[in-house]
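# Report on the structure
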Amino acid sequence: MAAGSFSMNDRPRYALRFISGKYQGGEFPLRPNREIIIGRSSDLDMVLVEDMVSRKHAKITTDDHVVTIQDLGSTNGTFVNGEKVRKADLKDGATPALTARKVGAHPPKAPKPAEPDKE
């Protein structure tokens, strides 16, 4: 498989969509059978530059059927639909939050078609 190409099994089934704060509208695709570590540290998979987010805050794991979020001992906690959790499965439309930062778990948005060149 060439660099940058994906098999059908590797296509994102879900994405984390930021629904509030300075990252609002951004989307992070979640590919199957992966782990994503989230926090402030620059060497992580998803870096959030937020005072209330721990250096190594949470882990999201995916498989073919479920997306799970797990708190990694963060100072301010990890929440799903307003409830503090250590570990929880995310259903479509769930609202996980790293402190005040809310993101939604949804199927990824379809790419917008390219607009024709105007002359």
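Above this note sits the structure.
These remarks concern the structure in this document. (Residues numbered from 1 in each chain as written. Predicted model: local features only at pLDDT ≥ 70, side-chain atom pairs only at ≥ 80, totals over all residues. Heavy atoms only, no water.)

## Remarks on the packing of aromatic side chains
Two numbers describe a pair of aromatic rings. These are the distance of the centres and the angle of the planes. Within the structure shown, the criterion is met by 1 aromatic pair. Considering the side-chain rings of Phe 18 and Tyr 23, the 5.5 Å spacing of their centres and the 45 degrees angle between planes classify their relative orientation as tilted. By relative accessible area, Tyr 23 is classed as partly exposed at 24%. (Phe/Tyr/Trp six-rings, centres within 6.5 Å; stacked < 30°, edge-to-face > 60°. Buried < 20%, exposed > 50% of the residue type's maximum accessible area, 1.4 Å probe, protein only.)

## Description of the pairing of strand β3 (residues 34–39)
Both β3 and strand β5 (residues 58–62) contribute to a ladder of 5 bridges, which runs antiparallel. Pairing of Arg 34 across the sheet is with Thr 62, part of β5. The pairing of β3 with strand β4 (residues 46–47) spans 2 bridges and is parallel. Bridge assignment links Gly 39 to a residue of β4, and that residue is Val 47. (Pairing = 2+ DSSP bridges. Helix = DSSP H or I, 4+ residues; strand = E, 2+ residues; numbered from the N terminus.)

## So, the pattern of salt bridges
Evaluated as defined, the whole model comprises 2 salt bridges. Here Arg 17 ties to Glu 27 by a salt bridge, and the two come within 3.0 Å at their closest N and O atoms. Taken as a pair, Arg 17 in strand β1 (residues 14–18) and Glu 27 in strand β2 (residues 27–30) lie far apart in primary sequence, 10 residues in all. Residue class for Glu 27 comes out partly exposed when judged on its relative accessible area of 32%. As a salt-bridge pair, Glu 35 and Lys 59 come within 3.7 Å of each other at their nearest N and O atoms. Of this pair, Glu 35 sits in strand β3 while Lys 59 sits in strand β5; the two residues are 24 residues apart in sequence, bridging distant segments of the chain. (Salt bridge = Lys/Arg side-chain N within 4 Å of Asp/Glu carboxyl O.)

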